[in-house]
Amino acid sequence: MKNKKTTVGRVHSIQSLGALDGPGIRFVVFLQGCNLRCGCCHNPDTWDMAGGTDHTPAEIVEKASRYREYFGNEGGITVSGGEPLLQADFVKEIFELSHEEGINTCLDTSGSILNDKVKALLTVTDRVLLDLKYTSDADYLKYVGCSIERPFEFLSYLNEKNIPVTLRQVIIPTLNDNEENILKLKYIAKAHACVDKIELLPFRKICQVKYDKMGIDFPFADIPEASKEKVAELEKLL
């Protein structure tokens, strides 16, 4: 592995063998820092950019390489967050080194940032997991903190560059667990040829302990968790 890069990134945590963060078995790197404040956020401990620990791209890829035998044909490395686009240069170098090692790369993001550094990162990204949280601008502004136009712009760019995309959405009772939302999501996917998969994820509240420990309110504490049956019902609409 070439070791000429000197970028240092802030890493929240690492999961050596993840099965829910892209195709196959993944080495998942959760970065520190997030520009959004989603009501359903499961990782409030990633928000502050000052948290986490310092790592170099070479250190990350060296660790990931130890698990190569588990990756198979589809697995590889996934960088998530927080919001990894806040550290686009760092992620780009991780992905460049991963490709040198023959490791597949996957980016898990909200798609709320699109600038030259992010575009450079996308040139070495094999797949994007795009978290499209809602299908209305009003919900985005109220529960996320940005306009829906940001992820739409990001998705359009992915489509332009033919980068494979998995659209993901957390199903939150009373907010987006309805037919209208799912059909909109389906329409958005069909309008972008780069989208080859949609995943619906049930809203859970296991994060409550993190909010309690940090002494902050969990905005969606009073919303019930999504049932497997309801998510399965909505999946049929897709």
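First things first, this report covers the structure right here in the doc.

Cut-off values and rules
Residues numbered from 1 in each chain as written. Predicted model: local features only at pLDDT ≥ 70, side-chain atom pairs only at ≥ 80, totals over all residues. Heavy atoms only, no water. Helix = DSSP H or I, 4+ residues; strand = E, 2+ residues; numbered from the N terminus. Rg over C-alpha atoms; globule rule 2.2 N^0.38 Å. Buried < 20%, exposed > 50% of the residue type's maximum accessible area, 1.4 Å probe, protein only. Contact = heavy atoms within 4.5 Å. Expected span 1.5 Å × (residues − 1). Polar contact = N/O pair within 3.5 Å; in protein donor to acceptor, adjacent residues only side chain to side chain. Patch = residues over 30% accessible without salt bridge, like charges linked within 9 Å, V, L, I, M, F, W, Y side chains within 5 Å. Areas by Shrake-Rupley, 256 points an atom, 1.4 Å probe, with all protein chains shown as cover. Salt bridge = Lys/Arg side-chain N within 4 Å of Asp/Glu carboxyl O. Phe/Tyr/Trp six-rings, centres within 6.5 Å; stacked < 30°, edge-to-face > 60°. Pairing = 2+ DSSP bridges. Axes fitted to C-alpha atoms, helices over the stretch in contact; angles between N-to-C directions. Core = buried A, V, L, I, M, F, W, Y, C linked by side-chain atoms within 4.5 Å.

Considerations on the overall build of the chain
Here comes step 1: Within the chain one finds nine helices and eight strands.
Here comes step 2: The C-alpha atoms of the chain give 17 Å as radius of gyration, which agrees with the globular expectation for 238 residues (18 Å, within 12%).
Here comes step 3: For the C-alpha atoms alone, the extent of the chain along its principal axes is close to 50 × 45 × 35 Å.
Here comes step 4: Within the span of the chain, comprising 238 residues, buried residues form 48% of the whole.
Here comes step 5: The contacts in the chain between residues at least 6 apart in sequence include a share of 69% that link residues at least 24 apart.

Topic: helix α3 (residues 88-100)
Here comes step 1: The end-to-end C-alpha distance of α3 is 18 Å, a good match for the 18 Å that 13 residues give at a rise of 1.5 Å each.
Here comes step 2: By the burial criterion, the buried members of α3 are Ala88, Phe90, Val91, Glu93, Ile94, Phe95, Glu96, Leu97 and Ser98.
Here comes step 3: Once α3 finishes, glycine 102 follows within two positions and takes phi at roughly 75 degrees, a positive value.

Quick word on the side chain of asparagine 181
Here comes step 1: Secondary-structure assignment places asparagine 181 in helix α7 (residues 179-190).
Here comes step 2: At a separation of 2.7 Å, a polar atom in the side chain of asparagine 181 contacts the side chain of threonine 135.
Here comes step 3: Not counting residues within four places of it along the chain, the set of residues in contact with asparagine 181 comprises Tyr134, Thr135, Gln169 and Asn176.

Points about a nonpolar patch on the surface
Here comes step 1: Taken together, the side chains of Leu17, Ile25 and Tyr70 make up a nonpolar region of the molecular surface, amounting to roughly 260 Å² of accessible area.
Here comes step 2: If you trace the backbone, tyrosine 70 turns up in helix α2 (residues 68-71).

Topic: the packing of aromatic side chains
Here comes step 1: Tallied over the entire structure, the rule returns eight aromatic pairs.
Here comes step 2: Every member of this aromatic cluster is reached through a ring pair, and the members are Trp47, Tyr134, Tyr140, Tyr143, Phe203, Tyr211, Phe218 and Phe220.

Some remarks on the pairing of strand β2 (residues 26-31)
Here comes step 1: Where burial is concerned, most of β2 is hidden: six out of the six residues are buried.
Here comes step 2: Burial of β2 is two-sided: the residues Arg26, Val28 and Phe30 facing one way and the residues Phe27, Val29 and Leu31 facing the other way are all buried.
Here comes step 3: One ladder, built from five bridges, connects strand β1 (residues 9-18) with β2; its direction is antiparallel. Paired with valine 11 across the strands is leucine 31, a residue of β2.
Here comes step 4: Sheet topology note: the β2/strand β4 (residues 76-80) ladder contains five bridges and is parallel. Its bridge partner lying in β4, arginine 26 is registered against glycine 76.

Observations regarding the sheet that holds strand β7 (residues 165-171)
Here comes step 1: Read from one edge of the open sheet, eight strands run β3-β1-β2-β4-β5-β6-β7-β8, paired in mixed fashion. Of all the strands in the sheet, the pair left with one neighbour each is β3 (53-55) and β8 (195-202). Direction aside, the axes of adjacent strands within the sheet are offset by 30 degrees on average.
Here comes step 2: Two elements, strand β5 (residues 104-109) and strand β6 (residues 127-131), share four bridges in a ladder whose sense is parallel. Bridge pairing links threonine 109 to leucine 130 in β6.
Here comes step 3: Where helix α1 (residues 57-65) meets the sheet, it contacts β1, β2, β3 and β4, and its direction lies at approximately 85 degrees from that of β3.
Here comes step 4: Packed on one face of the sheet, helix α6 (residues 149-160) meets β5, β6, β7 and β8 and runs near 160 degrees to β6.

Remarks on the nonpolar core
Here comes step 1: Ranked by internal contacts, the top residues of the largest apolar core, which has 66 residues, are Ile77, Phe95, Leu122, Val128, Val165, Leu167 and Phe220.
Here comes step 2: When residues of this core are assigned to their parent elements, the largest contribution, six residues, is made by α3.
Here comes step 3: The residues touching phenylalanine 95, leaving out its near neighbours within four places in the chain, are Ile77, Val79, Thr105, Cys106, Leu107, Leu121, Val124 and Thr125.

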